[in-house]
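Structural overview
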Amino acid sequence: MREHCSRCGLKFEREPGYWVGAVTINTIVIFMTFLVVFATLVLATWPAVPWPTVLVVTLVANVVIPIVFYPTSKTLWLALEMSWHPLEPDELEAARDRVT
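The text that follows walks through the structure, step by step, so that each part is easy to find. Because the structure is predicted, anything quoted here is derived from the model rather than measured.

The next thing to look at is unusual backbone geometry. Residue P47 is reached from W46 by a cis peptide bond, and omega for that bond is 10°. In this structure, P47 sits in the loop between α1 (20-45) and α2 (51-84).

Moving on: the pattern of salt bridges. If charged atoms from side chains of opposite charge come close, those side chains can pair. Summed over the entire model, instances satisfying the criterion amount to two salt bridges. The partner of R14 in a salt bridge is E81, with the nearest N and O atoms 2.8 Å apart. You can see R14 sitting in the segment before α1 and its partner E81 sitting in helix α2, a full 67 residues away along the chain. The burial state of R14 is the same as that of E81; both residues are buried. A salt bridge links E91 to R14; the shortest N-O distance between them is 2.8 Å. In this pair, E91 sits in helix α3 (residues 89-99) while R14 sits in the segment before α1, placing the two residues 77 residues apart along the sequence. Classification of R14 as buried rests on a relative accessible area of 14%. Each of R14, E81 and E91 takes part in salt bridges that share partners, so that together they form one network.

Turning our eyes to something else, we now look at the environment of V54. Structurally, V54 is set in helix α2. For V54, a relative accessible area of 3% gives the class buried. For V54 and W77, which are 23 residues apart along the polypeptide, the C-alpha to C-alpha distance reads 31 Å. The contacts of V54, once residues within four sequence positions are left out, are F38, L41 and V49.

So, about the packing of α1 against α2. At a closest axis distance of 7 Å, the pairing of α1 and α2 adopts a crossing angle of 150°. The angle between α1 and α2 places the two elements in the roughly antiparallel class. Where α1 crosses over α2, the handedness of that crossing is right-handed. The residue inventory of the contact of α1 with α2, partitioned by class, reads 21 nonpolar, six polar and one charged.

The rules behind these values
- Residues numbered from 1 in each chain as written.
- Predicted model: local features only at pLDDT ≥ 70, side-chain atom pairs only at ≥ 80, totals over all residues.
- Heavy atoms only, no water.
- Helix = DSSP H or I, 4+ residues; strand = E, 2+ residues; numbered from the N terminus.
- Salt bridge = Lys/Arg side-chain N within 4 Å of Asp/Glu carboxyl O.
- Buried < 20%, exposed > 50% of the residue type's maximum accessible area, 1.4 Å probe, protein only.
- Contact = heavy atoms within 4.5 Å.
- Axes fitted to C-alpha atoms, helices over the stretch in contact; angles between N-to-C directions.
- Parallel < 35°, antiparallel > 145°, perpendicular 65-115°, else oblique.
- Left-handed = near helix turned anticlockwise from the far one by under 90°.
- Nonpolar A, V, L, I, M, F, W, Y, C, P; charged D, E, K, R; others polar.

Structure, rendered in structure tokens:
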């Protein structure tokens, strides 16, 4: 990932540890996805649940989805955080300096 936006000059990581919120969003999404996939598979095949299939499908989902969703979670975190903590004047000036 780039350090700054090539269009507006915004520094993406505004402070050390900034992406912990994105990791939290990603964790919540994968946990909820796991619950939905697991419950759907169990309920759809009840009473003869194919446990090896459920295991493989949920493991694949738990490996693939966080990797695919992580860029989106970073975007969501940046948008959420900027909604309650707008850019400071010095951040705006630094962004303008990077673009010009």
